[in-house]
Amino acid sequence: MIFITAKFRVRPEYADDWPKIAADFTSATRNEPGCLWFDWSRSVEDPTEYVLVEAFRDDEAGAAHVHSEHFRAAQRTLPPHLAETPRIVNATVPQDDWSLLGEMSVPEQN
């Protein structure tokens, strides 16, 4: 799968509204057949920083994402709300879901 993590620094006046601002893009991406997940988190240390963790089935799914109409729309509508260009880590990993973190194993609970 293609595993991507991106940091978005949002202009302070838009920070609280970012989930709503990115909602159409988020929803459309999650509905792509090759999208495994597309999840936003907000930094607990910096309220203007959002982290996007996303994964796509393979290179073909990733290409379909960046060539989609909703991606092109996001390229136009999201940057005016940002304080800087987002930073990204993009890697291909040989799995198709999250692995368990064995070092913090939790016993099954009934």
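Please refer to the structure placed before this passage.
Computed from a prediction, not measured in an experiment: that's the story for all the values here. (Residues numbered from 1 in each chain as written. Predicted model: local features only at pLDDT ≥ 70, side-chain atom pairs only at ≥ 80, totals over all residues. Heavy atoms only, no water.)

Engineer: Talk me through the nonpolar core; I want residue IDs and the actual numbers.
Structural biologist: As a rule of thumb, soluble globular proteins bury nonpolar side chains together. With 17 residues, the main nonpolar core has Phe8, Trp18 and Leu78 as its most contacted residues. Secondary structure elements with two or more residues in this core: strand S1 (2-9), strand S2 (35-42) and strand S3 (49-56). For Leu78, the contacting residues outside a window of four places in its chain are Trp18, Ile21, Ala22 and Phe25. Core analysis: the next-biggest nonpolar cluster, separate from the first, contains 5 residues, Met1, Trp37, Val51 and Val53 among them. (Core = buried A, V, L, I, M, F, W, Y, C linked by side-chain atoms within 4.5 Å. Buried < 20%, exposed > 50% of the residue type's maximum accessible area, 1.4 Å probe, protein only. Helix = DSSP H or I, 4+ residues; strand = E, 2+ residues; numbered from the N terminus. Contact = heavy atoms within 4.5 Å.)

Engineer: Describe the environment of Ile88, and please don't skip the residues or the numbers.
Structural biologist: Within the secondary structure, Ile88 is located in strand S4 (residues 87-92). Residues Ile88 and Asp24, 64 residues apart in the sequence, show an inter-C-alpha distance of 21 Å. When sequence neighbours within four positions are dropped, the list of residues in contact with Ile88 reads Ile4, Thr5 and Ala6.

Engineer: Would you mind going over the pairing of S4 in detail, with residue names and values included?
Structural biologist: Little of S4 is tucked away: 0 of the 6 residues are buried. Relative to S4, S1 is paired through 6 bridges, and the arrangement is antiparallel. Note on S4: the bridge partner recorded for Ile4 is Asn90. (Pairing = 2+ DSSP bridges.)

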